[in-house]
Amino acid sequence: MPKIKFFKSLTTRYQKIKKWRKKRKASFKAAPWYKKTLRVSLNILLIFVLYLFLVDINFLWLFGKSPGLLSISKPQQSEASEIYSADGKLIGKYFRENRTPVKYNEISPMLIKTLIATEDERFYEHFGIDVKGLFAAAKDMTHGKARGASTISQQLVKNMFKTRAQYSTGLFGYIPGVKMIIMKTKEWITAVKIEMFYSKKEILTMYFNTVDFGNNAYGIKTAAKTYFNTTPKDLTIEQDATLVGMLKATTTYNPRTNPKGSMRRRNVVLENLMTHKIISKSACDSLKEIPIKLDFRVELNYDGIAPYFREAVAEYLKKWCKDNEIDLYSDGLKIYTTIDTRMQQYAEDAVQKQMSTVQRNFNSHWGREEPWRDEKQQVIPNFIEDIARKTTLYKALAEKYQDHPDSVQIMMNKPHRLKVFDYKKPNGRDTTLSSMDSIRYMERFMHTGFVAMEPTTGYVKAWVGDISFNSWKYDKVTSERQPGSTFKLFVYATAFNKGLGPCDRRKDQYIAWDYMEKGEPKHWVPRNANGGYGNDSLTLKAAFARSINSIAVELGKEVGFENIINTAHAMGIKTQLNHIPSVCLGASDVSLLELVNSYCTVINDGKTHDPVLVTKIEDKDGNVIYENKQEQKQAIPYQTAFLMTQMLRAGLTEPMATSQALWAFDLFHANTDFGGKTGTSSNHSDAWYVGVSPKLVAGAWVGGEHRCVHFRTGKLGEGSKTALPIFGYFMEKVMKDNTLSAYRGHFPKPTETISKSYSCQTPYPKKIDTTGVGVDSLLEGSESND
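> Could you give an account of the overall build of the protein, with specific residues and numbers?
Each helix and strand in the protein was counted, giving 28 helices and 20 strands. In the protein, buried positions account for 51% of the 786 residues. In the structure as shown, the protein presents an accessible area of about 38,700 Å², 54% of it carried by carbon and sulfur atoms.

Shown next as structure tokens:
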């Protein structure tokens, strides 16, 4: 019974609805035409509004996600992070999209007028959608003249939110032809929202900062620099027209790759400006006659000074970025570093000057002989071939010619055009070589690393990772090689920690060291570089200055190499060291950066700190999100540090001291004290010099890319001949630069009581040239651990 009542009720309701619809239909037919038109229009509008609403909320996942209010109010745009030097210079950028935002008042008013006249003439009248433009476009379409009707606001949505790439089009997007309608709808909706959130000036500014001008030039600031080497404020009218004209199709109207097409498009834009009465006809005609003059240069991640340093900064910040969920390459950071552009330039000049000399000597030394030799001075078989097998090209060819290995060799030995490093050609030298010959050519170069630091702060002021960043990306400042006698700093510091002093004496004589290594007994007999012993009783000050191996090893036996390793780690060496006696003579690899930092510990009264590359970081809104607040700690006693400073100074004053060559440089006019220590590893594979002054400590390494490539004699290959001059040339310019006068000065007198005597100067023999020029050669290879 209840079911019958229910069905009767449904039938009654259906009949009422049917009568209502019939009545509405009759009423609509009887109504005047204008009412019919109005009613139909209202229904269409209602349906359209409902459609927009359903698209915006992604009803039933049919349309895909749209940009939300939060995204619109705080748009995320990939921006380049900028790196600044300590003296306020922009030295480079990190970016995926090379974009640097500008403010509205940094954009030329004529550029703004050109954009509006070309892309959206009713920009100031509409609310994000140009209804009049839509009808005009529809009318033109009926006549076969298809054209766009996107407003600047809609183009901004497409550029900023990547609505055609990053946001899906839902289930309906799989229907042919529907996908584009949905994407266009989202652009309309988001454009209206943007108009609600932002002023017209803000929309224009965002547009100019987001638009892609091709050639990795994102935003008007980068585009102005890339194409015309100027700023958005200083663009000329014809340059404005060229850039705005590109927006229609960056490839088709690119002035570099398609100059004729770009010229035609530019002139159309100029005529449009005349039509809108922004410029006169005479001005338009004159401007159209001006050729497009480009000052084109694509900015790359590696562009700018100190490329090795900037790569080191990226590595330095890697963990911090990960911990704080920051993208170094897109978050628009401002990174303030410790590097000084003046010192950096002086360092690069010093490296180029000295290393070109070293290379000439090396080429003359080896001539046509192959320099890759083993410890017995025999050519290493298949040395070049083994390197070739590790290259990407070889692996690709081996994959391609798996069944024809001879083809790999043919291709690797086939000459082709390429660019190679050459000291006389800063941008590289064009030549014709096979891949195998290019490896042979590049392997004959000597390499270097140089770094300078403030001893009291740890601030890195100059950083040169090699002779050419374009040719060798591997940074020699952070790579690890045997430090030779520069490691004796830790031997003598440990001895002073144990109670010895500079004026204590030891004999340069035969010494042997029996020890256990991996459970096996070992017998080690170290020798001086000249193969013998002087049998002289020397002060430790003289022994250190002359770099006598036998005395350094004797001290090592007295204090224990484990204690020396502990001292080295305390002073700044991070690398794991070999626990064997030869560590006393620098037989365990370290990096130049940590070695120089350890020498800073001595000059900093025994207090140590990590090297500092970055002082402060700001986000794109100017908020400070990182500040270096490094603490330093006492690594060695003040007295040890003071005495080691005197030992380093003795490198210039003791007879036959290995730093005597510094006297040949113009360093001593600026009332500044210097000291230093040379180092040369076995077979002259690694040559070192670390120089110190009260305000600046710097070090250089010189050697082959592979340890088997080196000089055969100490006269050419030791630290005083190869590495020391880099320090000398660098400090010459620093001392002469009056803007860097803060780095001059004398070592201070002791502020604490020093219990050990240190004023024990060895007398000079009467016939020895006390000017010190070339004195290092009197004791050939004296710093070596051969």
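> Tell me about helix 8 (residues 200-210), and name the residues and values.
Of all the 11 residues making up helix 8, 9 are buried; the element is thus mostly covered by neighbouring parts of the structure. All buried positions along helix 8 are accounted for by Lys200, Ile203, Leu204, Thr205, Met206, Tyr207, Phe208, Asn209 and Thr210. Where the residues of helix 8 are buried, they touch helix 4 (109-119), helix 6 (152-161), helix 7 (178-197) and helix 9 (220-228).

> Now, about the pairing of strand 5 (residues 425-433): what can you tell me, with residues and values included?
Pairing of strand 4 (residues 416-422) with strand 5 involves 6 bridges; the strand directions are antiparallel. In the sheet register, His416 faces strand 5, and the bridge partner there is Leu433. Linking strand 4 to strand 5, which pair antiparallel, is a turn of 2 residues.

> Quick rundown of the pairing of strand 15 (residues 614-618)? Include the residues and the values.
Taken together, the 4 bridges between strand 3 (residues 334-337) and strand 15 define a ladder with antiparallel strand orientation. Residue pairing across strands places Ile335 opposite Ile617, the latter belonging to strand 15. The pairing of strand 15 with strand 16 (residues 624-627) spans 3 bridges and is classified as antiparallel. Considered in strand 16, the bridge of Ile617 is made with Tyr626. In sequence, strand 15 turns back onto strand 16 through a hairpin of 5 residues, with Gly622 there showing a positive phi of about 90°.

> Can you break down the sheet that holds strand 1 (residues 81-84) residue by residue, with the values?
Strand order in the open sheet formed by 5 strands is 2-1-3-15-16, with mixed pairing between adjacent strands. Whereas interior strands pair on both sides, the edge strands pair on one side only; in this sheet they are strand 2 (90-94) and strand 16. Averaged over all neighbouring strand pairs, the angle between strand axes comes to 20°, with direction disregarded. In this structure, strand 1 lies alongside strand 2, joined through 4 bridges in antiparallel fashion.

> How would you sum up the side chain of Glu454? Please name residues and give values.
Among the secondary structure elements, Glu454 is positioned in the loop between strand 6 (446-453) and strand 7 (460-464). Side chain to side chain, Glu454 and Thr457 meet in a polar contact 2.7 Å long. Those residues in contact with Glu454, other than ones at most four positions away along the chain, are Tyr459, Lys461, Cys600, His609, Lys695, Leu696 and Tyr743.

> Quick rundown of the packing of helix 4 against helix 11 (residues 259-275)? Include the residues and the values.
With their axes 9 Å apart at the nearest point, helix 4 and helix 11 run at an angle of 95° to one another. When the axes of helix 4 and helix 11 are compared, the pair comes out roughly perpendicular. When helix 4 is examined against helix 11, the residues Lys113, Thr114, Ala117, Thr118 and Glu119 are found in contact with a partner set consisting of Arg265, Val269, Asn272 and Leu273. Of the residues contributing to the contact of helix 4 with helix 11, the split by class is 3 nonpolar, 3 polar and 3 charged.

> Quick rundown of the pattern of salt bridges? Include the residues and the values.
The full count for this structure, using the stated rule, is 32 salt bridges. In this structure, the salt-bridge partner of Asp340 is Arg342, at a minimum N-O distance of 2.6 Å. Of the residues examined, Asp340 reaches a relative accessible area of 4% and is grouped as buried. On the basis of relative accessible area, Arg342 is assigned to the partly exposed category, the value being 27%.

> Can you tell me about the sheet that holds strand 19 (residues 686-692), naming the residues and giving the values?
The antiparallel open sheet is built from 5 strands, whose spatial order is 7-6-20-19-18. Strands at the two margins of the open sheet, each flanked by one partner only, are strand 7 and strand 18 (675-680). Between one strand axis and the next, the sheet turns through 10° on average, direction left out of account. Direction of pairing for strand 6 relative to strand 20 (residues 697-704): antiparallel, over a ladder of 8 bridges. Within the sheet, the bridge partner assigned to Gly449 lies in strand 20 and is Trp701. Against the sheet, helix 15 (residues 341-366) touches strand 6, strand 7 and strand 20, its axis set at about 30° to strand 7.

> So what's going on with the packing of helix 20 (residues 488-497) against helix 22 (residues 549-559)? Which residues, and what values?
Here helix 20 crosses helix 22 at 50°, and the two axes come no closer than 9 Å. Between helix 20 and helix 22, the crossing angle belongs to the class labelled oblique. Crossing hand, helix 20 versus helix 22: left-handed. Every residue of helix 22 that contacts helix 20 at Lys488, Val491, Tyr492, Thr494 and Ala495 is listed here: Asn549, Ile551, Ala552, Leu555, Gly556 and Val559.

> Quick rundown of the packing of aromatic side chains? Include the residues and the values.
Scanning the model with the defined rule gives 32 aromatic pairs in all. Ring centres 5.3 Å apart and planes at 85° place the aromatic pair Phe362 and Phe711 in the edge-to-face group. Of this pair, Phe362 sits in helix 15 while Phe711 sits in the loop between strand 20 and helix 26 (714-717), and the two are 349 residues apart along the sequence. On the basis of an interplanar angle of 70° and a centroid distance of 5.0 Å, the ring pair of Tyr492 and Phe544 is categorised as edge-to-face. Here Phe544 lies in helix 21 (residues 540-546) and Tyr492 lies in helix 20, a separation of 52 residues in the sequence. Here Tyr492 and Phe544 have matching classes, each one buried. Grouped by ring-pair contacts, the aromatic residues Phe421, Tyr423, Tyr441, Phe445 and Trp472 constitute a single cluster. Above the plane of the ring of Tyr253 lies Arg265, whose end atom (NZ or CZ) is 5.9 Å from the centre. Its guanidinium or amino end placed over the ring of Phe469, Lys473 lies 4.8 Å from that ring's centre, counting from NZ or CZ.

> Outline unusual backbone geometry, listing residues and values.
Notably, Lys518 is not glycine yet its phi reads approximately 55°, a positive angle. With respect to the helices, strands and loops of the structure, Lys518 is situated in the loop between strand 10 (513-517) and strand 11 (520-524). The backbone of Ser547 sits at a positive phi, close to 60°, despite the residue not being glycine. Looking at the element boundaries, Ser547 is found in the loop between helix 21 and helix 22.

> Describe the state of the cysteines, listing the residues and the values that go with them.
Applying the stated rule across the entire model yields 1 disulfide. Between the sulfur atoms of Cys503 and its disulfide partner Cys760 the distance amounts to 2.1 Å. Since a negative S-S torsion denotes a left-handed disulfide, the Cys503-Cys760 link at about -100° is left-handed. You can see Cys503 sitting in the loop between helix 20 and strand 9 (505-507) and its partner Cys760 sitting in the segment after helix 28 (724-736), a full 257 residues away along the chain.

> Lay out the nonpolar core in plain terms, naming residues and giving numbers.
Residues Phe450, Trp463, Tyr492 and Phe730 are the most contacted members of the largest nonpolar core, which totals 142 residues. Top contributing element to this core by residue count: helix 15, with 9 residues. In this structure, Phe730 is in contact with Met343, Tyr346, Ala347, Ala350, Phe450, Ala452, Ala462, Leu696 and Ala698, ignoring residues within four places of it in sequence. Residues Leu156, Met160, Tyr227 and Leu243 belong to the second largest nonpolar core, which totals 33 residues.

Calculation notes
- Residues numbered from 1 in each chain as written.
- Predicted model: local features only at pLDDT ≥ 70, side-chain atom pairs only at ≥ 80, totals over all residues.
- Heavy atoms only, no water.
- Helix = DSSP H or I, 4+ residues; strand = E, 2+ residues; numbered from the N terminus.
- Buried < 20%, exposed > 50% of the residue type's maximum accessible area, 1.4 Å probe, protein only.
- Areas by Shrake-Rupley, 256 points an atom, 1.4 Å probe, with all protein chains shown as cover.
- Contact = heavy atoms within 4.5 Å.
- Pairing = 2+ DSSP bridges.
- Axes fitted to C-alpha atoms, helices over the stretch in contact; angles between N-to-C directions.
- Polar contact = N/O pair within 3.5 Å; in protein donor to acceptor, adjacent residues only side chain to side chain.
- Parallel < 35°, antiparallel > 145°, perpendicular 65-115°, else oblique.
- Nonpolar A, V, L, I, M, F, W, Y, C, P; charged D, E, K, R; others polar.
- Salt bridge = Lys/Arg side-chain N within 4 Å of Asp/Glu carboxyl O.
- Left-handed = near helix turned anticlockwise from the far one by under 90°.
- Phe/Tyr/Trp six-rings, centres within 6.5 Å; stacked < 30°, edge-to-face > 60°.
- Lys NZ or Arg CZ within 6 Å of the ring centre and 35° of its normal.
- Disulfide = S-S within 2.5 Å.
- Core = buried A, V, L, I, M, F, W, Y, C linked by side-chain atoms within 4.5 Å.

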